[in-house]
Each structure stands twice: as structure tokens, then as C-alpha cells.
2 protein chains.
Amino acid sequence: VEEILMASLLPEVGVGLLGLGTVGAEVYRLLVERAEHIAGLVGRPCVVRRVAVARPGRQRRVRIPSSLLTSDGAAVVEDPAVDIVVEVMGGVDPARSLLLRALAGGKAVVTANKQLLAAHGAELLAAAASGGVDLCFEASVGAGIPLIKPLRESLAADRLRLIEGILNGTTNYILTLMSREGRTFAEALAEAQARGFAEADPADDVDGHDAAAKLAILAAVAFNTPIAAEQVYREGIGGITPADIRHAAELGYTIKLLAVARDRDGALELRVHPALIPVGHLLAGIAEERNAVLVEGDACGRVLFSGPGAGGAPTAAAVVGDIIDAARNRLRGAGGRTLSAPSVRRDIHPMERLVIPFYLRLQVTDRPGVFARIAAVFGEEQVSIASIVQKSRGEVADVILLTHEAEEAAMRRVVARLRAMDVVQVVGSVIRVVE
Amino acid sequence: VEEILMASLLPEVGVGLLGLGTVGAEVYRLLVERAEHIAGLVGRPCVVRRVAVARPGRQRRVRIPSSLLTSDGAAVVEDPAVDIVVEVMGGVDPARSLLLRALAGGKAVVTANKQLLAAHGAELLAAAASGGVDLCFEASVGAGIPLIKPLRESLAADRLRLIEGILNGTTNYILTLMSREGRTFAEALAEAQARGFAEADPADDVDGHDAAAKLAILAAVAFNTPIAAEQVYREGIGGITPADIRHAAELGYTIKLLAVARDRDGALELRVHPALIPVGHLLAGIAEERNAVLVEGDACGRVLFSGPGAGGAPTAAAVVGDIIDAARNRLRGAGGRTLSAPSVRRDIHPMERLVIPFYLRLQVTDRPGVFARIAAVFGEEQVSIASIVQKSRGEVADVILLTHEAEEAAMRRVVARLRAMDVVQVVGSVIRVVE
């Protein structure tokens, strides 16, 4: 009550920024250039009061009064004129402690920090709920694609069963290049780096860490449960070859780095790995650096969201959308309006018990009887073969094998036994298949 | 302030339903079956207090206590135990007067009624804003696909330029059948009717009225301006032939009933008509009864939403999502939190001044010199031809013509002149092209 009376007396909503990099500069620019529009939506101007940066003296890509700049994050978080703290600095520390302090001080928090949320989201949400303040993080997944609010609000009534997504633009760009132009992984990665779609150290993207963090955030919202990125099974795309992509295409599939969270009778499947996706699937056409998320619910059916999954401008649009939301709530004393649900702990469905079809590419000695020996191993491990096709001849032949649905544990036993066989030169790729 | 104190004393949020048809029955079922989940999200149970139906004595598809039923809509709207009025009865009257009465009485309103919103949306929004109560209508467009909230909240910071959508499932299903199986429009319509995807009287769908109403609602939200369905230029799909679809496919296009709202330097283009869409376009792959909306903004880029655009269960999920939203706001005295923006009147860009490429299918007398005479007409009207191809021979030949971008008014003059030419037997189709 007091909060509302105070808010109605305040002429402006005060915003504090932590960070002024690519996203932070765009956020500042949007808040300034769209100030009148934003004030119309909120009912009060939203004004930047304080900005924490590593080196306040440095040249900036936006024009910003130097009086706003400080090197002290705590000064932003504790400024009484700051109502909403916007964290676009990245990294876990000191972002975590600064945001916990902001929430404890009754300030709303908007963050784009997926790494922080995927590691400490539950702690931050609990702090927001206990303080009755907003914690908004639309920009942490899929940049400007609305995902968190649709999941947390629009689809709140439904029982969601599945989140299936292409959550990393770098790997999707690399796989698109490999698929369209027959490039190797290394060539496509080099081109992605040259075009600014991949970092100098690409491990966070190509090994699936980035997608796993985003999946953890989406799944936590969709299934209303604390999930950390470490709980997500993870495989990268470094082992995918042009031959795999070619063979997959011949079979009617495209290869994507897929992120999946599925409700299995209460337990959650959480996994990020390359997958063969049928060309008619809603995610198969998502090309280049685009991201997409497919949500399946009992009532809503299969709903797809897609768009540019990265970039300063789209990320900043999502951040400022959250600032507007938090400001609207703050002026009405309605902070934390979407955080009231009790969160339920869920078991993680063990990866070994995943049941899914597999694609295998083997190099085997090309002589009579080899197929029979290979097939026998599958049979003994209860893995049913759907097709086995020799793709080349010579001393060593490429063989492509598709299984019916099989248990992951059984497939791992098959692979271990194949690796030990004298007639099997290489188990080149083992890729899960979406039906 | 008083409202909040009162709300915190209330044990439950009261819901009143107007209508108990396909959607209403699903809404009731969701509220009962998901009661615990919904109470967890809202912080209080949401309980149905009163339901208005045409004939209270009739057999229902849901089990509902007969004590809840009344034939008097006003009794629902004026029941002091009803906090949120949910309108799923359809039609303009008496829905309009009942909802205006509900809003004037300080009740939140959730409606799925696109016809009402497309005709009287501005009046209802003004009533909601002046009462400081919520008016939610997520279910009015695209059933369970989150669209209104993402446009109104998530993308609020951005300057949106374009809404481009496939907003009618019936026509998309018909065009998909025509495209995949070479059916005529009449055959495909009959099959859609047999499968329950089209009404006995299909005019509302196939003539574009339904899509125009939905576009008016989306554009009003995206561009924050009052728009009525009558302001949308409209053409149906009844004139599309299997030959058009075949020729379009040969040229690399698919034919869709497209709904477009575009900001042209402040004025709005608003149109629903068949269009040739390049097969690589984000909307080209939206098949069967699926709907999709592509939103383009300065910052967010091109964001796509797609899903089932109709059906009792998805529509009900959107309605109950809105109920949860309205209930959360109500308990915090935050009704009308998203309605504070002043709305700006916009000019409508006149259709005659639309500039777009065209596809034409003509039947002409097959003799030398005919191409030259036809081409001369285009040239005299300043319409530049991109290609002209004869598709059949005989006394009368099919000719397919593609133009570069041309003004709609010029193309209308060309068509009128072609119709008057002795060598032109038929101007079969004139279809706009998306580049």
C-alpha cells in the first residue's frame, strides 16, 4: 500500500544499468530514443539513473553523460533513485551477488544473463518471490523472440509436455553451411568466425553449453521446477561430417543441434545433442543463425516460436520489454505478480533410459559375412535394425545403419562391442533420430 | 488501496461464463480439472460462480451443476461474486452490451470474440482503460498461439513495421489440398467441410472475412491504433484454380491467403488476399489448418509464431491463460496494467497506391503478334513485365505473366484494358506476389 502511494507520487521510474557492452548500449539507446513511446506505455517516463561499467573513462559506442557512469556495481544497486536494476554485464560473479542485493532491497531486476540464470535461477527466483518483486529474463533465451512470457503467462493454463528447440545460432549456422555447401565442420566454423557468428573460442557454442543453459531456463519455466544447466545431457556438433549430412539428406532428414525437455510421467528428459530431423518437421526449415522453440501442450497443440536468436538490437528489445513490464507492475504495487506459483522438484529421466531411434555411420572391412556379424551384435543387445546400407566399396566400406526405437543404454553397449570388433574400423557417428 | 485490502480478504476469485459451447465447455473443464495448478499460479482458487446459456435445461457436454446455469447474461455480469467475466458466446449482440456493463461495473473481461473486437474493440478498450480493469483477448486470434500478449507486452519496446500472417485455417487447409493433390477449389472445400475444417456456409472463411477481423485485432495491438475489420481490403480464394497453383509452383511460389498490416511512413496498409509466396519464405511451409504470424520490427527482426489456429482445446487454453492473468492483476489491484498507452489514429494507406508485383493468368487467342499487343498495354500503363510465358497451345492459349513492382491502380487499368481486347478471352487470375 505504501509502495503504491509512493509510486504515484514519483514522477519517473528509475533504471540502473549493470554493463554497457553491445546489449547495454542498445538498451540505453532504446530507452533514450523511444522514451516518449515507453512513457506512454508505462504511464511515467523510465529514466536511466546510473550505469556501472568496468572503465568509466573509456570511449563508448553510445553518447551517454559521464555523470551517469560508475565503476561500482553496488552504487547502482543501492541507489535509492533506481527502481529497476538491469543486468547486462554477463558472467556469474559479481552479477549474482549484485542482483541478490537488488532483490533484497526491493528493486525489480531485469537480466539477459543466461549463464547466471542457468546456474542460480532458482535462488534468484526465490529471492524475487520473497521480496514480492519482479525478476524478468525474456532476453536470456532467444534474444528478441518472446518465449519466457508466453510460457509463463500465455500458456500457463496448459499442461506442457515438450520443449524442442534450436537454441544456438552459431551451430545452426555451421550446420546450414555444411548442409548447403558440403563444407567440413572446421571450414564452416572458420567461416562462422569470419562472419562474426562464432567466437574465437567456439567451445561454449559448438559443444552445446550455450544451448544447455538456455534449455535449463526454458524448462524451468515450462515445468515450473528448478533446473540447472549441469542437469542437461550434452553433446556437441564437432563430430558431424559432410558424409553424415549427405546420408541423412538421402534418408529424408536434416541434422540440427536439438535441445529437448520432455515430461516423462513427471520425470524430465533434458538433453542437447545433434539429431536427425525429418525434413517435414517444423524445426527442419530453421536455417542459418535463426533460433526456434516448439512447445507442445495437452490443450495448445504444437506451437512454434522462431526468430533471430542473438544480436544486440533484438536482445535489447527484449530487455526493454521487460523494463516496461516491471515498471508497469511497480507503479501498481504488483511486483512479482507472475512468481506466486510454488515450484515442484522433478526427477531427471536418466539418459541411459532414453528410448529413441539411432543413426550410425560405420567403416567396416568390406567382405562377405560382415553385415551378419554386425547385425548379430544389435540383435543380442535387443536393438532392432530398421535399415543397413553399404554406401561405398573398397577395402573399407561406409555403412549407414538406422535402428528402430532403442534404449540408450543398449545402444551404448552395441557401440562398445562394435568398437571391439576386428571387422569394424571406425564407429564414425552415432546420432539420435527424431521421428 | 481498498480494492487490494478487500482482495486479500477474499478466499477465491469468482469467474462468470457467458456461453457454454465448444470453447466454453473446454474452459469450464480446464478450470475444474486444473483447479489446483491454477490456484498455485494465481495464489487463490479461481471458481466458476455463474454460467449463462441459451437453454439451461439442455444436455451439456460437460458435467456442470445446474445451479450455476442461467439464461440471463445480465445475471452473470452483475453477480457481485463474479470478478472476471469470460465471454465465449460469440456474435456482436448481446455480447457487446454485456461486456460494456461488466467493464463499467469494475469487472475484468476475457473474451475470445473476434467479431466483436474487430467491430467494437476500441470502444471496449476505452471502457476497460477508464475503469482501470483488464480486457484480455488472446483467444480471439490464432486460438492457443500466444500473439496478443507478445505483441502488447514482450515486443512493446520495439517499433513494429509489419504483421504478415496466415490467419485462417480453413482456407489454408483448402489451399494445401489444392496444392498437394491438384484438387479444384470446390473439391477441396467439400473435403474441408466433410472433415469439419469448414462451415456449411463457408463465406466467412473463404471470402477472407475471418482473416480480416483477426488482422484488424492484431494490427490494432501492434500499431496501437483503433482499427475495424471494414478498413481491411479483402479478397477471397474462390477464384484460385489448380492451374494457378501449378504455375506458381513452377515459378518457385506457393499460394496462400495472406493477411498483411504494414506501417508505410505512419499510414497503414491493411489487406487480406491470396498471394504468391516464395517457397523459401517463413510462411510458405505453414500447411493444412495451421496458422502463423510473422512480425517484423526495427529491433526484433523477423519473429514467427505458428500453431493450430482453431479448436476448442487450444482456444480454451488461451482463455484460461487470460483468466489467470486477470486474476493475478485483480488480487494486486493492478487491473488494466497494459492498457495505459494513449492510442493514436492512423491513416489507412489506400489500396490503389499499393506497390507490389503481380501474377496474371490470361487466356488469349494463339496467334502471332498477340504477345506484342498485350505487352504494349502494360507498357502504356507503366507496368513493367518480368516474364511472360505461354503455357499451352491451341486456339486459346494459357499465358502466365509476372510483373515487377507496379501500382495497384495501374494494374487495375491494365486488367480493364485487357478485358476489352478481342485477343484476350479471359483474365483468369490476378494475384499479388510477395518478394
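Residues numbered from 1 in each chain as written. Chains lettered and ligands numbered in written order. Predicted model: local features only at pLDDT ≥ 70, side-chain atom pairs only at ≥ 80, totals over all residues. Heavy atoms only, no water.

Novice: Describe the sheet that holds strand β6 (residues 135-136) of chain B, naming the residues involved and giving the relevant values.
Specialist: Residue and element names in this part refer to chain B. Across the sheet, six strands lie side by side as β3-β2-β1-β4-β5-β6; this open sheet has parallel pairing. The open sheet terminates on both sides in strands that have one partner only, identified here as β3 (69-70) and β6. Relative to strand β5 (residues 108-111), strand β4 (residues 84-87) runs parallel, the two sharing four bridges. Bridging across to β5, V85 finds its partner in V109. Contacting β1 (13-18) and β2 (46-52), helix α2 (residues 22-33) crosses the sheet at an angle of about 160 degrees to β1. (Pairing = 2+ DSSP bridges. Helix = DSSP H or I, 4+ residues; strand = E, 2+ residues; numbered from the N terminus. Contact = heavy atoms within 4.5 Å. Axes fitted to C-alpha atoms, helices over the stretch in contact; angles between N-to-C directions.)

Novice: Help me get a handle on the interface of chain A and chain B, residues and values and all.
Specialist: Interface extent is often summarised as the accessible area lost during association of the parts. In this complex, chain A contributes 54 residues to the contact, which on the side of chain B involves 53 residues. Summing both partners gives a buried area of about 4,300 Å² for chain A against chain B, and 56% of it is carried by carbon and sulfur. Among the residues of chain A in contact with chain B, A157(A), R332(A) and R337(A) are the three that bury the most area, contributing 16% of the side total. Remark: the boundary between chain A and chain B carries four salt bridges. With a closest N to O distance of 2.6 Å, E153(A) and K149(B) form a salt bridge. Applying the counting rule to chain A against chain B returns 18 residue pairs in polar contact (both at pLDDT 80 or more). Taken together, the elements giving at least two residues each to the side of chain A that touches chain B come down to α1 (2-9), α3 (35-42), α7 (148-154), β12 (301-308) and α13 (312-331) of chain A. In terms of residue count, the dominant contributor to the side of chain A that touches chain B is α13(A) (nine residues). The residue makeup of the side of chain A that touches chain B, split by class, is 27 nonpolar, 14 polar and 13 charged. Two strands pair when backbone bridges link them, and β12(A) and strand β12 (residues 301-308) of chain B are joined in this way by three bridges, in the antiparallel orientation. (Buried area = accessible area lost by both parts, 1.4 Å probe. Salt bridge = Lys/Arg side-chain N within 4 Å of Asp/Glu carboxyl O. Polar contact = N/O pair within 3.5 Å; in protein donor to acceptor, adjacent residues only side chain to side chain. Nonpolar A, V, L, I, M, F, W, Y, C, P; charged D, E, K, R; others polar.)

Novice: Run through helix α11 (residues 209-222) of chain A, naming residues and quoting values.
Specialist: Residue and element names in this part refer to chain A. Across its 14 residues, α11 extends 20 Å between first and last C-alpha, which sits within 8% of the 20 Å expected from 1.5 Å per residue. Within the span of α11, buried status applies to D210, A211, A212, A213, K214, L215, A216, I217, L218, A219, V221 and A222. Just beyond α11, the residue with positive phi is N224, at close to 50 degrees. (Expected span 1.5 Å × (residues − 1). Buried < 20%, exposed > 50% of the residue type's maximum accessible area, 1.4 Å probe, protein only.)

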